[in-house]
Amino acid sequence: MKKIVFLALALALVVGCGSKDKGELTGVKGKRWHPEKPYGMSLIPGGAFIMGKSDDDIIDLQDAPTKTVTVRSFYMDETEITNSEYRQFVHWVRDSIIRLNLAELADLEGKTPDDEGIGEYAYVDSGDPEDLTPYERYMIDTYGDEQRKINRDVDLIFDKEDYPDELYAEVMDDMYLPPKPQDQGERKLDVSKLLFNYTDLRSPERHWGYPEGLEVYPDTAVWTTDFEYSYNQTMSFEYYNSDAFADYPVVGITWHQAVAFCQWRTLYKNGYQKSKGKQKTSTFRLPTEAEWEYAARGGLEGAMFPWGGPYAKNDRGCFLANFKPLRGNYAADQALYTVEADAYEPNGYNLYNMAGNVSEWVNSHYDDASYDYTASFNPNVNDEFNDRKVIRGGSWKDVKYFLQVSSRDYEDAYTPRSYIGFRTVQDYLGTDATANAATN
């Protein structure tokens with residue numbers, strides 16, 4: 001009996017000495033969190049503000065009564081998403097589809113990565129799917145129990161003279177429209193084939209009405225369809241494609257395409273994070289209506305505009321935003337259409353064009369009574385079955401009223417316009433004081 005007691009005491013002593021937490025509830029220690037400010041974004045420090053009309057409701061919409069609300073800290077794009085930035089998304093989708101088609105044909109022809117020509121683009125066995133980055137997993141094709149991924153390590157070839165073989169040419173030619181005399185020998189991409197696997201990330205089996213994928217290419221015809229009796233063909237042909245407009249806000253984007261861009265940006269960034277052994281970032285998304293208005297105010301209480309107000313000119317007589325200042329006169333502010341995304345002075349949070357230039361999609365649907373029933377912290381209402389999505393900020397073709405930070409408007413989620421763009425936000429994660437985090 002004494003031996004048993006002695007052994008028990010000895011075992012307890014060994015266990016006690018070997019335990020770092022000394023038997024206390026200390027929690028599971030994770031990696032130290034280092035908040036990283038995303039490229040091109042500003043940190044918007046959370047806080048309370050009075051949301052709603054800062055002046056008389058001259059149109060008598062009664063859809064924005066004043067209400068004190070609080071929003072958490074978040075990052076926001078300093079500018080509207082530009083044509084150049086959106087092209088990065090479109091090109092990634094284009095290249096992914098080409099690589100997938102090359103791998104499919106190579107597999108059909110029995111080619112392997114050890115073969116030349118199209119074989120260089122054959123599938124690469126992926127092993128454990130959990131080892132894939134998010135954007136690799138996005139393009140996985142499955143044959144039985146075998147997981148395969150496309151090969152992104154070999155550059156694509158777009159010059160017809162340099163195609164490695166006829167099989168490669170077959171895939172590439174299928175991506176372009178049949179030549180027409182008016183094309184003058186220029187090959188035009190069949191943009192209807194640029195489909196992104198757009199889903200509700202909370203429920204991946206749901207495809208938002210796009211089971212085959214969402215077309216991501218902007219509707220460049222909006223410049224003519226929005227203004228039937230106006231000559232804007234040059235803008236339709238050149239605005240998205242010409243380098244002259246690379247730094248201008250992208251337009252012709254539906255609400256769904258804006259959300260798809262956010263999904264891609266999240267996948268793309270976290271793919272890089274994983275490749276470098278870094279912690280993944282939180283999701284990029286559209287701002288809520290409350291977040292957008294809070295950020296647009298730039299820390300000013302009760303201001304009508306991002307710069308304060310009530311005037312749209314500074315003390316030198318220069319306009320502070322791109323809008324329609326006079327009936328029929330769109331160019332009094334030195335701009336007929338849009339301007340560069342970083343034009344004019346930024347607000348107190350270093351955000352450009354929160355008034356004018358282009359209106360912006362937000363992650364809220366329009367309900368004229370929503371302020372009456374939403375929560376007073378992080379308020380938002382976004383019924384996926386309500387296609388009336390809120391747009392904020394006014395645009396180059398709007399009068400001064402719609403430039404007010406409190407003015408609300410909406411458009412159908414499936415309707416692109418020549419005066420609607422977007423910018424993205426990302427939740428700020430961490431427990432550091434916001435004032436300290438702003439310096440990271």
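Our subject is the structure listed above.
Quick summary incoming for the structure in this document. Being a predicted model, the structure only gives us computed values, none of them experimental. Each chain has its residues counted from 1, following the order in which its sequence is written. Predicted model: local features are reported for residues with pLDDT of at least 70 only, side-chain atom pairs are reported and counted for 80 or more only, and whole-chain, interface and lining totals are derived from all residues. With hydrogens and water excluded, all non-hydrogen atoms of the structure serve as input to the side-chain values.

Let us now look at the overall build of the chain. Segments assigned H or I by DSSP are reported as helices when at least four residues long, segments assigned E as strands when at least two residues long, and all are numbered from the N terminus. Scanning the chain from terminus to terminus reveals ten helices and 15 strands. Split into buried and exposed, the 440 residues of the chain put 47% on the buried side. Long-range contacts, defined here as pairs at least 24 residues apart, represent 70% of the contacts in the chain between residues at least 6 apart. For the chain, the exposed area adds up to about 23500 Å²; of that, 51% sits on carbon and sulfur atoms. In this scheme, a residue with accessible area under 20% of its type's maximum is buried, one over 50% is exposed, and one in between is partly exposed, where area comes from a 1.4 Å probe on protein chains only. We call two residues in contact when some of their heavy atoms are within 4.5 Å. Accessible areas in this description were obtained via Shrake-Rupley with a 1.4 Å probe; residue shielding takes into account the shown protein chains only.

What helix 4 (residues 166–173) keeps buried is the set Leu-167, Tyr-168, Ala-169, Val-171 and Met-172. Tucked inside the fold, the buried residues of helix 4 contact helix 2 (83–108). Any pair of N or O atoms that falls within 3.5 Å is considered a polar contact. Within protein, one atom must be able to donate a hydrogen and the other to accept it, and sequence-neighbouring residues count only if both atoms are side-chain atoms. Capping of helix 4 at its N-terminal end is provided by Asp-165; its side-chain oxygen lies 3.3 Å from the backbone amide nitrogen of Leu-167.

Residue Pro-310 is reached from Gly-309 by a cis peptide bond, and omega for that bond is 5 degrees. Mapping Pro-310 onto the fold places it in the loop between helix 8 (289–297) and strand 11 (359–365). You will see that Tyr-344, though not glycine, has its phi angle at about 65 degrees, which is positive. Within the secondary structure, Tyr-344 sits in the loop between helix 8 and strand 11. Of note, the phi angle at Asn-357 is positive, near 70 degrees, even though the residue is not glycine. Relative to the helices and strands, Asn-357 resides in the loop between helix 8 and strand 11.

Let us now look at the pattern of salt bridges. The salt bridge criterion pairs a side-chain nitrogen of Lys or Arg with a carboxyl oxygen of Asp or Glu, the two atoms within 4 Å. Applying the stated criterion to the full structure yields 16 salt bridges. Among the ionic pairs, Asp-173 bridges to Arg-187, the shortest N-O distance being 3.6 Å. Here Arg-187 lies in the loop between helix 4 and strand 8 (195–196) and Asp-173 lies in helix 4, a separation of 14 residues in the sequence. Under the relative-accessibility criterion, Arg-187 is labelled partly exposed at 28%. Between Arg-417 and Asp-226 there is a salt bridge, with the nearest N and O atoms lying 2.9 Å from each other.

Read from one edge of the open sheet, four strands run 1-4-15-10, paired in antiparallel fashion. The sheet is open, and its two borders are formed by strand 1 (41–44) and strand 10 (284–285), each paired with just one other strand. Every axis in this analysis is a line fitted to C-alpha atoms, fitted for helices over the stretch in contact. Angles between the N-to-C directions lie between 0 and 180 degrees. Against the sheet, helix 8 engages strand 1, strand 4 (74–77), strand 10 and strand 15 (425–427), with an angle of about 75 degrees to strand 4. Between any two strands, pairing holds if DSSP finds at least two bridges.

Geometry of an aromatic ring pair is reported as the spacing of the ring centres plus the angle between the planes. Note on ring pairs: Phe, Tyr and Trp rings are taken, using the six-membered ring of Trp, and paired if centres are within 6.5 Å. Classes follow the plane angle, with under 30 degrees stacked, over 60 edge-to-face and the rest tilted. Under the criterion given, the structure shown has 27 aromatic pairs. Here the aromatic cluster, defined as three or more aromatic residues joined through ring pairs, consists of Trp-223, Phe-227, Tyr-239, Phe-245, Tyr-248, Tyr-330, Tyr-337 and Trp-396. Geometrically, a charge over a ring is one whose NZ (Lys) or CZ (Arg) sits within 6 Å of the ring centre while staying within 35 degrees of the ring normal. A cation over an aromatic ring shows up here: Arg-388 above the ring of Tyr-410, its NZ or CZ 4.6 Å from the ring centre.

Another point: the sheet that holds strand 14 (residues 420–421). The mixed open sheet is built from four strands, whose spatial order is 13-12-11-14. Of all the strands in the sheet, the pair left with one neighbour each is strand 13 (409–412) and strand 14.

Moving on: the environment of Tyr-168. Following the sequence through the fold, Tyr-168 ends up in helix 4. Sequence spacing of Tyr-168 and Gly-117 is 51 residues, and the spatial spacing of their C-alpha atoms is 7.3 Å. Contact partners of Tyr-168, with chain neighbours within four places excluded, come to Leu-102, Ile-118, Tyr-121, Leu-156, Ile-157 and Tyr-163.

A general trend in soluble globular proteins is that nonpolar side chains are found buried together. Definition of nonpolar core: a set of buried residues of the types Ala, Val, Leu, Ile, Met, Phe, Trp, Tyr and Cys, connected through side-chain atoms within 4.5 Å. With 56 residues, the main nonpolar core has Tyr-86, Phe-89, Phe-196 and Phe-422 as its most contacted residues. Of all the secondary structure elements, the ones that give two or more residues to this core are helix 2, helix 4, helix 5 (222–225) and helix 7 (255–275). The element best represented in this core is helix 2, accounting for ten residues. Ignoring any residue separated from it by four or fewer positions in sequence, one finds Tyr-86 in contact with Ile-81, Val-216, Pro-218, Tyr-240, Val-250, Ile-253, Gln-257, Phe-261 and Phe-422. Counting 22 residues, the second-largest nonpolar core is a separate cluster that includes Val-71, Ala-290, Tyr-349 and Leu-351.

Next up on the list: the environment of Ser-230. Topologically, Ser-230 is positioned in the loop between helix 5 and helix 6 (233–238). Among the polar contacts made by the side chain of Ser-230, one reaches the side chain of Asn-232 at a distance of 3.0 Å.

Attention now goes to the packing of helix 2 against helix 4. Closest axis-to-axis distance for the helix 2/helix 4 pair is 10 Å, and the angle between their directions is 140 degrees. Relative to helix 4, helix 2 is oriented oblique. Handedness of the crossing formed by helix 2 with helix 4: right-handed. Of the residues in helix 4, those in contact with Ile-98, Asn-101, Leu-102 and Leu-105 of helix 2 are Leu-167, Tyr-168, Glu-170, Val-171 and Met-172. Should an angle fall under 35 degrees it is taken as roughly parallel, and over 145 as roughly antiparallel, whereas 65 to 115 is taken as roughly perpendicular and any remaining angle as oblique. Each crossing gets its hand from how the near helix is turned against the far one by less than a right angle, where anticlockwise is left-handed and clockwise is right-handed.

Tracing the backbone through its elements, the reader meets Thr-338 in the loop between helix 8 and strand 11. For Thr-338, the side chain forms a polar contact with the side chain of Tyr-239, separated by 3.0 Å. Thr-338 has contacts with Trp-223, Tyr-239, Tyr-248, Pro-249, Asn-322, Asn-357, Val-358 and Trp-396, leaving out every residue within four places of it along the chain.

Moving on, we get to helix 7. Between its first and last C-alpha, helix 7 extends 31 Å over 21 residues, near the 30 Å set by a 1.5 Å rise per residue. The element helix 7 is extensively covered by neighbouring structure, given that 15 of its 21 residues are classed as buried. Downstream of helix 7 by one or two residues, Gly-277 has phi in the positive range, about 70 degrees. One fewer than the residue count of a helix, multiplied by 1.5 Å, yields its expected span.

Before going further, it helps to spend a moment on the pairing of strand 12 (residues 388–392). Most of strand 12 is tucked away: four of the five residues are buried. Summarising the sheet, strand 11 and strand 12 pair through three bridges and their orientation is antiparallel. If you follow Trp-361 over to strand 12, its bridge partner there is Ile-391. As paired elements, strand 12 and strand 13 share four bridges and run antiparallel to each other. Each residue of the ladder has a partner; that of Lys-389, found in strand 13, is Glu-411.

Honestly, that's just the spatial picture; any functional story needs more than this.
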